[in-house]
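Below are the chains, spelled out letter by letter.
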Amino acid sequence: MRTQNTLKDPATGREESGAMAAALSRVRRNGHRLLSDDGDAPKWQLSGRIQLQPSPEDGVGLVIDTYTARFCRCNGTAWSMLRTLASGANLEQLISAVTSEYQAEPDLVREDALDFIARLKRAEFVNEG
Amino acid sequence: MKDRIPTIALTGLGGLDNPEPGTSVARALKKGWSGDIRIEGLTYSAWETGAWSPGVLDGINLVPPLTSGREKVLERLIEIAKDRAIDALIPCLDLEVPFYKRIAGKLREAGIETLLPSTESLDAVTKPSLAAFCHRHDIAAPKTLQVRDINDVPVQADQFGYPLLVKGTVADAHKVSDAKQASAHAKRLDKKWGNGVLLQQYIQGEEYCVAMVARTDGSCLGMVPMRKLGINARGKAVVGAVVNDPALEEEATRILALLDWCGPLELEFIKSASSGRFFLVEVNCRFPSWILLSHWAGCNLPVALVEGMLCDGEQWRGIPKAGTAYVRDVAEFGVPLTKLDHLQRLRFQRAEASPVKPAQKIKRNAGLSVGITGVSAFNVVQPGIGVAHSLRECTEVARLVGIGYGAYDTAAFRSELFDEIHMLPDAVDASSVADELRKLKIQAGLDVLLPSLDFEIPGVAESADTFKKAGIELLMPTAASVRRCGKKYLASGELKADWEGFRIPESHLIVSRSDLDQAIKELGFPMVVKGVVSGADIVHSADDAEASWRAFSDSGREVCIGQRFVRGEEFAVAGVCDRKHVLVGAFPIKKLLTCELGNTWGATAVEAPKLVSAMSELLRTVKYTGPVEAEFIRDIVTEKFYLIEVNLRFPAWIRYAAQSGVNLPLLAVCLAAGLPTPELRANDTAVFMRHSEEIEINPTTLASLLTNGHLKRELAEAL
């Protein structure tokens, strides 16, 4: 199955962070480089501007962009990856986080995770090391 | 200071639907001060409703207007300081700050501390001089020009290009798209505030504000940046949330240093959608009306200010919690007439120290599930809020379901009021509203529906049978009856003009320019030009009449009404007609306070049997069923009542009737459901007052409403 990670912007209902990214301000980036445990594979960490707020309603939660007070609801797999990214993670760690919670093919999760990371990067929600 | 309770005096307790900041400052102090604190309100009249808001102030003190002169005001302040042991004073209105700065030395001699900016700093941030200040210091700001001669506005506006903002020299702003609009707004603003107007480049982008407090050395004691999430038709931030954008904070801190400021301050910015740059659009030399948000965000700026004035070694307040959000709803309460009278005669009244006890949500297994629409105070206060408050504690009602049209419907966030919230799709027309409401029978299990918005009534009335089949009970007029109560019908002359207790004022339907000319010829000036659904202007000249008529035409309303202007006091009667068209309950009031949009924010119950009897006859004649409000003006000379409008739903002040023993919403629910009707017995009533009130909102609740369109209250409480 595809894991279909989504970030849903409540203001527009769109399942895409591009609209949000367009309105985001230029940000201060963290200068430090995050080193991966397994060599040169890229590692990502959530930007300091992002807060994760769990919601007891459905076990997932809200992504709050503290620069703009925009709130995004996300689904289970997105939430799982975001929690993992909070403390820094590489691709394998993201896949592992999702497959340990959901029955999903690692290859499909990999594809989704890369797409998800790309969207987070466009929105300046993650720093890459 | 630690050995006794500090007493703070503050102003800015009025403002109705555009609330002045004083109430919010007082609430922040009461909530955030460690230990007891006493707050004395300083008001210019007994009708500043925020002063009476329960639990906000300890005392209310009348002070003379600033125009009465420095000596007179100072004399009164010193008198108050002696009686109430005032330690510090916080002026909360822009125009007061320079005045209080001038008398700050004398106040200090009387033991009253203030923390206010220098005259030079204040001069730098007046609306006319801010552009020059920004230019001098390389602060990004929109191009701004003060036009002193209003006749020059069209030419200057054309040179600016459109859209642009026309701003008053003290307050108010309007976005305009041509010279004619610019000129019309300029005339009004100049008349209101003087010194011409400001024309300002319009910058497309999102609006941000930063509230700050500066120490005497100009350093920042605390800062709360906020993004306006929901801005109403008047340009006011009804919904907002704290942000922590370093770029915004850096710019605000730089401006604060350049201003060499001291005391409270609000900077207003627009973040350009094209460049992402923050443009400074306004500086206010006092706290904003949303300052209670600073308390919820863990950075209480009014407390910081008072500590700055009264305590040594005050600390930097820290970083506010981003994402903390508020919505501005309304609070309604009764004020005993004796207290109002006492304040007016003796210039002091002890305030109601205890906050209003929130309605008790009692879990009931049996009872009706009642759906109520119109639950927002975003632009105007909608009637559903008062209806819900009236029904909340009734044993006949098990569940209240709030039905809204947007996630910023303010009362949806009152966890004590609704068991469940459902949002209908935006921009639904009258007929599809009925479809959407029927769907709620399945989702929310509605037994009774009380539509509370004008535009819903025709569609629901026409679909009454299908509601019945769906198992939702209504108490509504028929479609024919709806037509006969409309403004168009009342203005058509088909009903008799004289109803014993009131008259229907002479009116003309205006479709064309020649209709307008005819109305002007017969009615003269002033004349009322009103829309057939909503909106009304009092016009004093043919030019004004044409502008008003064109405004109605441009907004797609082909017909408007010219009506004879009646000068006098305003009255209203709320009522309920049963299915036999008998007016079975009525509650007449005299309006004491109305906001700019004409809504009632203060009222007193009156006895008007002749008026009610005549209204009853009219409603029987048009075969009316359901909730109703009739609005009247009593001519100042003849003392005759004139019927101005019939609204086919409850008025927004309906909670007042319920609090006075005449629970008309409950009567309507019982009649709709075929239950025994409640006893209606008016008790000794207090004066009705309403004030704006900020509520803290959970971002998750907001997101639930935005994405799912519904919210079950059990969930909200769990959050």
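Our subject is the structure that appears above.
Residues numbered from 1 in each chain as written. Chains lettered and ligands numbered in written order. Predicted model: local features only at pLDDT ≥ 70, side-chain atom pairs only at ≥ 80, totals over all residues. Heavy atoms only, no water.

**Topic: the environment of Arg 414 of chain B**
Residues and elements named next belong to chain B.
In step 1: Position of Arg 414 among the secondary structure elements: in the loop between β17 (397-404) and β18 (420-423).
In step 2: For the pair Arg 414 and Ile 255, spaced 159 residues apart in sequence, the C-alpha separation works out to 37 Å.
In step 3: Side chain to side chain, Arg 414 and Asp 329 meet in a polar contact 2.6 Å long. (Helix = DSSP H or I, 4+ residues; strand = E, 2+ residues; numbered from the N terminus. Polar contact = N/O pair within 3.5 Å; in protein donor to acceptor, adjacent residues only side chain to side chain.)

**Some thoughts on the pairing of strand β22 (residues 527-531) of chain B**
All names here are of chain B.
In step 1: By the criterion of burial, β22 is predominantly enclosed, with five of the five residues buried.
In step 2: Neither face of β22 is left uncovered, since the one carrying Met 527, Val 529 and Gly 531 and the one carrying Val 528 and Lys 530 both have all their residues buried.
In step 3: Taken together, the four bridges between β22 and strand β23 (residues 536-539) define a ladder with antiparallel strand orientation. By the bridge assignment, Lys 530 is partnered in β23 with Ala 536.
In step 4: Counted along the chain from β22 to the antiparallel partner β23, the turn is four residues long, and its residue Gly 535 has a positive phi close to 90°.
In step 5: Pairing of β22 with strand β24 (residues 560-564), which is carried by five bridges, proceeds in the antiparallel orientation. (Buried < 20%, exposed > 50% of the residue type's maximum accessible area, 1.4 Å probe, protein only. Pairing = 2+ DSSP bridges.)

**Quick look at the nonpolar core**
Residue and element names in this part refer to chain B.
In step 1: Leu 267, Val 370, Leu 391 and Leu 664 are the most contacted members of the largest nonpolar core, which totals 112 residues.
In step 2: Of all the elements, helix α24 (residues 664-673) adds the most residues to this core, at eight residues.
In step 3: Once residues lying within four places of it in the same chain are set aside, the contact partners of Leu 267 are Tyr 208, Cys 209, Val 210, Met 212, Ala 252, Ile 255, Leu 280, Glu 282 and Val 283.
In step 4: Counting residues in hydrophobic clusters, the runner-up holds 53 residues, among them Val 25, Ile 37, Val 306 and Phe 333. (Core = buried A, V, L, I, M, F, W, Y, C linked by side-chain atoms within 4.5 Å. Contact = heavy atoms within 4.5 Å.)

**Some words on helix α3 (residues 91-101) of chain A**
Residue and element names in this part refer to chain A.
In step 1: Of the positions making up α3, those classed as buried are Leu 91, Leu 94, Ile 95, Ala 97 and Val 98. Projected onto a plane normal to the axis of α3, the buried residues spread over an arc of 160° and lie on a single side.
In step 2: Among the structural elements, β2 (43-46), α2 (76-86), β6 (89-90) and α4 (106-122) are those in contact with the buried residues of α3.
In step 3: Measuring from the side-chain oxygen of the N-cap residue of α3 to the backbone nitrogen of Glu 92 gives 3.2 Å; that N-cap residue is Asn 90. (Arc of directions from axis to C-beta.)

**Quick word on helix α10 (residues 246-259) of chain B**
For an α-helix, the turn length of 3.6 residues means that residues three or four places apart are oriented alike.
All names here are of chain B.
In step 1: Under the 1.5 Å per step criterion, the end-to-end length of α10 is 20 Å for 14 residues, consistent within 8% with the ideal 20 Å.
In step 2: Listing the buried residues of α10 in full gives Pro 246, Leu 248, Glu 251, Ala 252, Ile 255, Leu 256 and Leu 259.
In step 3: Those residues of α10 that are buried lie in contact with α6 (119-124), α7 (127-136), β9 (205-214), β10 (220-231), β12 (263-272) and β13 (278-284).
In step 4: For α10, the side-chain oxygen to backbone nitrogen distance between the N-cap and Ala 247 is 2.9 Å, and the N-cap itself is Asp 245.
In step 5: Once α10 finishes, Asp 260 follows within two positions and takes phi at roughly 55°, a positive value. (Expected span 1.5 Å × (residues − 1).)

**A few points about the pattern of salt bridges**
Residues and elements named next belong to chain B.
In step 1: Evaluated as defined, the whole model comprises 53 salt bridges over all chains.
In step 2: Glu 282 is the partner of Lys 127 in a salt bridge, and the nearest nitrogen-oxygen pair spans 3.2 Å. With a gap of 155 residues between them, Lys 127 in helix α7 and Glu 282 in strand β13 connect regions that are remote in the sequence. Glu 282 matches Lys 127 in its accessibility class, with the two residues each being buried.
In step 3: We note a salt bridge from Lys 228 to Glu 268, for which the minimum N-O separation is 3.5 Å. Residue Lys 228 is located in strand β10, and its partner Glu 268 is located in strand β12; the two are separated by 40 residues in the primary sequence. (Salt bridge = Lys/Arg side-chain N within 4 Å of Asp/Glu carboxyl O.)

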